[in-house]
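Below are the chains, spelled out letter by letter.
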Amino acid sequence: MNYLMALVVAGLLILGMFLFRWVVRHAFRQELQQRGGDLSREQNYGMEVPSGVLIWLSLADFIYVFRIPLSLLILVCALGCAWYCGTG
């Protein structure tokens, strides 16, 4: 039962990670579209958005680039906690 709960929690965390990236990218595209920006040159946005937005975009890109290692890390930590709690 511990392992099942660990897998559910890990799955929700991984889903939340991908949902975060989708929400940030969607909000950025909406903002760029409202400003009349060109979506084909989306990568050249460094001078057009405030630094606070760049931090969220950088974090979303980091999650996208390292999605597999982060997913494995979440899964291993969740299963490790389930194993540790089950052996006590």
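A brief report on the enclosed structure follows. (Residues numbered from 1 in each chain as written. Predicted model: local features only at pLDDT ≥ 70, side-chain atom pairs only at ≥ 80, totals over all residues. Heavy atoms only, no water.)

1. Overview of the nonpolar core
Convention followed: Only buried residues count toward a nonpolar core, which is a set of Ala, Val, Leu, Ile, Met, Phe, Trp, Tyr and Cys residues joined through side-chain atoms within 4.5 Å. Per-residue accessibility, obtained with a 1.4 Å probe over protein chains only, is compared with the maximum for each type, and a residue is labelled buried under 20%, exposed over 50%, and partly exposed between these values. Helix and strand definitions here come from DSSP, where helices need a minimum of 4 consecutive H or I residues and strands a minimum of 2 consecutive E residues; each element is numbered from the N-terminal end. Pairs of residues are marked as contacts when any of their non-hydrogen atoms sit within 4.5 Å.
Counting residues in each nonpolar core, the largest one holds five residues, listed as Val24, Phe28, Leu32, Leu57 and Ala60. Of all the secondary structure elements, the ones that give two or more residues to this core are helix H1 (2-34) and helix H2 (51-65). Of the residues forming this core, the biggest block, three residues, is contributed by H1. Look past the residues within four positions of alanine 60 in its chain and what remains in contact with it is Phe20, Arg21 and Val24.

2. Comments concerning the environment of arginine 21
Looking at the element boundaries, arginine 21 is found in helix H1. Each C-alpha atom, one on arginine 21 and one on leucine 59, is 8.3 Å from the other, the two residues being 38 residues apart in sequence. The residues contacting arginine 21, other than those within four sequence positions of it, are Ala60 and Tyr64.

3. Considering the pattern of salt bridges
Put simply, the rule reads: We define a salt bridge as a contact between a side-chain nitrogen of Lys or Arg and a carboxyl oxygen of Asp or Glu at a distance within 4 Å.
According to the stated counting rule, one finds one salt bridge in the structure shown. Across the salt bridge formed by aspartate 61 and arginine 25, the nearest N and O atoms sit 3.6 Å from each other. With aspartate 61 in helix H2 and arginine 25 in helix H1, this pair connects stretches of sequence that are 36 residues apart. Residue aspartate 61 is classed as partly exposed on the basis of its relative accessible area, which comes to 24%. Accessibility expressed as a relative area gives 10% for arginine 25, which makes it buried.

4. A few points about the packing of H1 against helix H3 (residues 67-87)
If you want to describe how two helices pack, look at the angle between their axes and the distance between the axes. Condition: Under this scheme, a helix contributes an axis fitted over its contacting stretch, all axes are lines through C-alpha atoms, and angles between N-to-C directions fall in the 0 to 180 degree range. Any angle from 65 to 115 degrees is called roughly perpendicular, while one under 35 is roughly parallel, one over 145 is roughly antiparallel, and all others are oblique. A clockwise turn of the near helix away from the far one marks a right-handed crossing, whereas an anticlockwise turn of less than a right angle marks a left-handed crossing. Under the convention adopted here, Pro, Cys and the residues Ala, Val, Leu, Ile, Met, Phe, Trp and Tyr are nonpolar, Asp, Glu, Lys and Arg are charged, and Gly plus all remaining residues are polar.
Here H1 crosses H3 at 155 degrees, and the two axes come no closer than 9 Å. In terms of axis orientation, H1 runs roughly antiparallel to H3. Viewed along their axes, H1 and H3 form a crossing whose handedness is right-handed. Contacts between H1 and H3 involve Asn2, Tyr3, Ala6, Leu7, Ala10, Leu13, Ile14, Met17 and Phe18 on the former and, on the latter, Arg67, Leu70, Ser71, Ile74, Leu75, Ala78, Leu79, Ala82, Trp83, Cys85 and Gly86. Among the residues forming the contact of H1 with H3, the class breakdown is 16 nonpolar, three polar and one charged.

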